[in-house]
Amino acid sequence: MSIISTHPIGTDIGKWRRGLNSPQIQALIHKYQHVHRDKTIILGVDRLDFIKGIPHKLYAYQKFLEDNPALREKVVFIQIAVPSRQ
């Protein structure tokens, strides 16, 4: 069995909520909802940094789909990796 949860460490939740109201973000949300209609969207947003564990997250999603084959056509994973702070 796979368990998925959120763990926002060091994230300014208020900033994210305010950003959701911007026209650009609303347009992207609408686009993804249209393209992936009738599917649950899992969104990952991380810095492109080797310590962020993006490969582990992709492996976990693969394992989730292996453990839940009935959900393969019902769930989509979108990973956004922004440049690290160098």
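Residues numbered from 1 in each chain as written. Predicted model: local features only at pLDDT ≥ 70, side-chain atom pairs only at ≥ 80, totals over all residues. Heavy atoms only, no water.

A. The packing of aromatic side chains, seen in detail. Taken as a whole and assessed by the stated rule, the structure comprises two aromatic pairs. A ring pair is formed by Y61 and F64, whose centres lie 6.4 Å apart and whose planes are at 25°; its orientation type is stacked. Of the two residues, Y61 and F64 are both situated in helix α3 (residues 54-67); the distance of three residues between them amounts to about one turn of the helix. Using a relative accessible area of 15% as the deciding quantity, one classes Y61 as buried. (Phe/Tyr/Trp six-rings, centres within 6.5 Å; stacked < 30°, edge-to-face > 60°. Helix = DSSP H or I, 4+ residues; strand = E, 2+ residues; numbered from the N terminus. Buried < 20%, exposed > 50% of the residue type's maximum accessible area, 1.4 Å probe, protein only.)

B. How the structure looks around the side chain of H36. Here H36 is to be found in the loop between α2 (23-35) and β1 (40-48). In this structure H36 touches I41, V76 and I78, once residues within four positions along its chain are discounted. (Contact = heavy atoms within 4.5 Å.)

C. Molecular detail of the confidence of the model for the chain. Mean pLDDT over the chain works out to 85, with 86% of the residues at or above the 70 mark. The secondary-structure element of the chain with the lowest mean pLDDT is helix α1 (residues 13-20), recorded at 82, while α3 shows the highest, at 94. (pLDDT = per-residue confidence, 0-100.)

D. Inspection of the pairing of strand β2 (residues 75-83) at higher detail. Where β1 lies against β2, nine bridges are found, and the strand directions are parallel. Each bridged residue has a counterpart across the sheet, and for I41 the counterpart in β2 is V76. In this view, the connection linking β1 to its parallel neighbour β2 by way of α3 has right-handed handedness. (Pairing = 2+ DSSP bridges. Right-handed = clockwise from strand over helix to strand, strands pointing away.)

E. Up close: a nonpolar patch on the surface. A cluster of nonpolar side chains, contributed by W16, L20, I25, L28, Y32, I41, L43, V45, I80 and V82, occupies part of the molecular surface with about 800 Å² of accessible area. Put simply, the parts of the chain that give the nonpolar patch at least two residues each are α1, α2, β1 and β2. Using a relative accessible area of 32% as the deciding quantity, one classes I25 as partly exposed. (Patch = residues over 30% accessible without salt bridge, like charges linked within 9 Å, V, L, I, M, F, W, Y side chains within 5 Å. Areas by Shrake-Rupley, 256 points an atom, 1.4 Å probe, with all protein chains shown as cover. Salt bridge = Lys/Arg side-chain N within 4 Å of Asp/Glu carboxyl O.)

F. Summary view of α3. If you check α3, its first and last C-alpha atoms are 20 Å apart, about what 14 residues at 1.5 Å a residue would give, namely 20 Å. Considering only its buried residues, α3 is in contact with β1 and β2. (Expected span 1.5 Å × (residues − 1).)

G. How the structure looks around the environment of Y61. C-alpha of Y61 to C-alpha of F77: the two residues are 16 residues apart in sequence and 7.6 Å apart in space. Setting aside anything within four residues of it in sequence, one finds Y61 in contact with I42, V75, V76 and F77.

H. Representation of the environment of G44. On the secondary structure map, G44 appears in strand β1. Assessed through its relative accessible area of 4%, G44 is described here as buried. The residues contacting G44, other than those within four sequence positions of it, are K57, F77, I78, Q79 and I80.

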